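What the coordinates show
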Amino acid sequence: MSEPVLTIDHLGVNFRTSDGGMVQAVADVSLDLYDREVLAIVGESGSGKSVSAMSVLGLLPPNAETSGSIRLGNMELLNADESVLSQVRGRRISMVFQDPFGALDPVFTVGFQLREMLKRHFPKMTRAERKERAVELLRTVDLPEPDKRVSSYPHQLSGGQAQRVVIAMALACDPEVLIADEPTTALDVTVQREILDVLMRLREEVGVAVLMITHDMGVVADVADRVVVMRHGRVEETQGVRSLFASPRAEYTRELLEAVPRLKAEPRPTVSAEDPVLKVERISVEYKRRLHTVTAVDSASLTVRPGEVTALVGESGSGKSTIGKAIIGLAPVRDGSIWVDGVDAVNSSGKELRKLRKRIGVVFQNPLGALDPRLTIGEATGEPLRVHRKLRGPALEAKVHELLDSVELPRAWAERFPHELSGGQRQRVSIARAVSLDPVLLIADEPTSALDVSVQATVLELFRKVQQELRFACLFVSHDLAVVDELADHVAVMHHGKIIEHGLRTDVLKNPQHGYTRRLLEAAPVPDPVQQRKHRLAHVAAK
Amino acid sequence: MTEQLAAKEISTTVSRRGVWTTVRRRPQFWISLAALILLLLIAAVPGQIAGFFGESDPRVCPLVESNQPPSAGHPFGTDIQGCDVMANVLHGTRTSLFIGLATTSVCLVVAVTLGTIAGYFGGLADRIIARLADVILGFPFLLGAIVVLNSVPERTPLILSLVLAFFAWPTLARLVRSSVRSVKEREFVQAAHAVGFSHARIILGHVLPNSLAPALAVATTMVGGVIVAEATLTFLGVGLTQPSISWGLQLSVAQGYFQTAIHTLIFPSILLTATVLSLIALGDALRDALDPKGRS
């Protein structure tokens, strides 16, 4: 093979903590990036993948100590002078971040930000040339109407469009290496696919090597040529993408691949014939903004029977979370009715509503936000029991222990505070709290999407176990079809505030009726490189 | 999987760290507490304490001893009238501490109540409270205070505190309002709504404890500001009337003799600084201890 463009050689990064200790973030990481190659660094949170990438551009915080070597061609980058680095940053190596809106300055137009970049690196360019180049760059990343978009502000763009602009900025100086740190994690699957398409096309046309940091095995299977698997700051293994998926060498890679949820749509015995616990009938939700109203949910209907999980699937802004909020009275319902266990959840008195809410459990997405930082795990779990069942003392303690047992957390942890727990553990506490009052209905709003895959797998397993034991009805809001496939009995698909398809899981996932559902299913990358490459070829050909 | 294994390893080392055990180990807490107790003691029995060091009566002012630097009989020296500075400073503690603490507490109560209502419920209540705060903030403090204080029959420390509090609460209320608003949006508050808790329980149990920290931090620094504001009013002749004794009064008189009798300025300043510093330090120590993250 030819010479690598970028070489990371025995990189080590330690962080000095405020009390004088050292925390090892990265140890002995070596990798090569070749021309026009997509190298994916895969790992869970805390594996050191982002730190490794940041050290390439010298973007580590001042308390970091590095060892080893990072070379771009023949140039040493690690601990290089600021003047050397500023010649490299944006010019020869550029970076795309996860959140496009965080990376763009909201008070300047995208054209201005592109021109500023060009002015910095090519001072000889004339004003007219810069203007022309900015439009051309936007055209390269497939932004529709580039000559008009050049004068729009970041907030006028969608997430996908903003990420295209960020990529255009990264490519402004024809860099040799593009570092993409979770470039599609904040985006919906259909948008993710478009962005990945752009990246793939640019690799061919512009000839850039891509170092892609991701946690998503589907994305890896889709675009990577070679894969570096990291854990605890070390490289577990490096392999070509096909051989990695076919025969992983490291034990950890095997576990990781096993934990990835896959969409199989295999039949499972379920189906209950009892009367539905939740009946949502043609509800519409409208938010009043200063000058106009926004319809978040438009005449949506669905039912959930006892012991059954109905998944509500859709992309961001489709109104799926709003339905969940409307059921617990946190969203303004303009029209239609919601019945929970025979009680009207829209038009009852405040007292009756509070009584009703005792019978609905809720699990939120963000495991850090859903627990009061000032309450211990035991207090948080026991609070609903203390308030509504008036349990006190040993009776309360016994019940809390029972709940912690059911979510497989040690009893002694009742004394701990949320910040001392990992994301998955916090989510277990949220589940324990949500089921503490024996709810008839549980609303789970993306309960696992903020978690790492291996943690997600254990939490989902636990969730299913608890659900089967307690037999509550569950409305499971999610954007991830593979997760939905593992858990749900029925699936409802939402798009622009409307439920466009509602049926048995196997029917919806195997034989989708609506065009949007089909698009959604196609866009989700399959964690299998052989199959996914076929998908990609078919998709590109169709374009 | 790995996660549960980790859980079992750590679970044996769990120890209870309450507020008291944490705060007990911090020297900052004990030093500031001791300083404040000393100040309160001085406020309670200023005469006796001054008597240990020399002149106990602040109103014994032999003119022959005018403007003496610190000496054996007068450890803090004497002022332009010949009065003992130490006796004056110690006697002033009661009024000044009272005005500082009373004003701040009244402010805090008003600001927390109104700020929470505005931030939590929003809508009309928010608009009314916010406009009210704007009006008071927009009103010139000195002008307003002069008008109000000139129209009351007697200018006692209590009246003065109330007037100061009236003009100081809006800043604090805005602070409370904004932090309540941000806490209100957090998921654990929505989770509390979702289990059917009442508004009162949610506000007192979840929203307030998580949004008070910035307001308390500002309130501790406010005490010093209030004591000085009293001095300004007194200097303009609308604050406490002679023969009242307060640090503010002493500071405003001493300004005029800054070059000839600097000790009359320094000693009240030291006590004022000590009060404010120990309040800030105590507030800091308590805030850290009340925050579970500061307890590990």
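Because the structure is predicted, anything quoted here is derived from the model rather than measured. (Residues numbered from 1 in each chain as written. Chains lettered and ligands numbered in written order. Predicted model: local features only at pLDDT ≥ 70, side-chain atom pairs only at ≥ 80, totals over all residues. Heavy atoms only, no water.)

**A word on the overall build of chain B**
A count of helical and extended segments in chain B gives 13 helices and zero strands. From first element to last, N terminus to C terminus, chain B shows the α and β order α-α-α-α-α-α-α-α-α-α-α-α-α. Expressed along its principal axes, the backbone C-alpha trace of chain B runs to roughly 85 × 50 × 30 Å. Relative to its full complement of 296 residues, chain B shows a buried share of 45%. (Helix = DSSP H or I, 4+ residues; strand = E, 2+ residues; numbered from the N terminus. Buried < 20%, exposed > 50% of the residue type's maximum accessible area, 1.4 Å probe, protein only.)

**A closer look at the interface of chain B and chain A**
Listed by partner, the interface residues are 32 residues for chain B and 43 residues for chain A. Summing the contributions of chain B and of chain A, the shared interface buries around 3,400 Å²; its carbon and sulfur component is 55%. When residues of the side of chain B that touches chain A are traced back to their parent elements, those giving at least two are α1 (2-11), α9 (187-194) and α10 (199-211) of chain B. Broken down by element, the residue count for the side of chain B that touches chain A peaks at seven residues, all from α9 of chain B. Of the residues that constitute the side of chain B that touches chain A, the class distribution is 13 nonpolar, ten polar and nine charged. (Contact = heavy atoms within 4.5 Å. Buried area = accessible area lost by both parts, 1.4 Å probe. Nonpolar A, V, L, I, M, F, W, Y, C, P; charged D, E, K, R; others polar.)

**Things to note about the pairing of strand β19 (residues 490-495) of chain A**
Within a regular strand, side chains alternate between the sheet's two faces. Residues and elements named next belong to chain A. Of all the six residues making up β19, five are buried; the element is thus mostly covered by neighbouring parts of the structure. Two elements, β19 and strand β20 (residues 498-504), share six bridges in a ladder whose sense is antiparallel. Bridged to A492 within β20 is H502. (Pairing = 2+ DSSP bridges.)

**So, the confidence of the model for chain B**
The pLDDT averaged across chain B works out to 84; a share of 93% of its residues lies at or above 70. Within the model, pLDDT remains below 50 along residues 1-15 of chain B, and this stretch shows 24 contacts once partners closer than five positions in the same chain are excluded. (pLDDT = per-residue confidence, 0-100.)

**A short note on the sheet that holds strand β4 (residues 64-72) of chain A**
All names here are of chain A. As summarised here, the arrangement of the four strands in space is β2-β1-β4-β5, forming an open sheet in which the pairing is antiparallel. A strand with exactly one partner marks an edge of an open sheet, and here the two such strands are β2 (22-33) and β5 (75-76). Here strand β1 (residues 6-16) runs beside β4; their pairing, made up of eight bridges, is antiparallel. Looking at the pairing, N14 lines up with E65 of β4. Together, β1, β2 and β4 form the strand contacts of helix α1 (residues 49-56), whose direction differs from that of β1 by roughly 110°. (Axes fitted to C-alpha atoms, helices over the stretch in contact; angles between N-to-C directions.)

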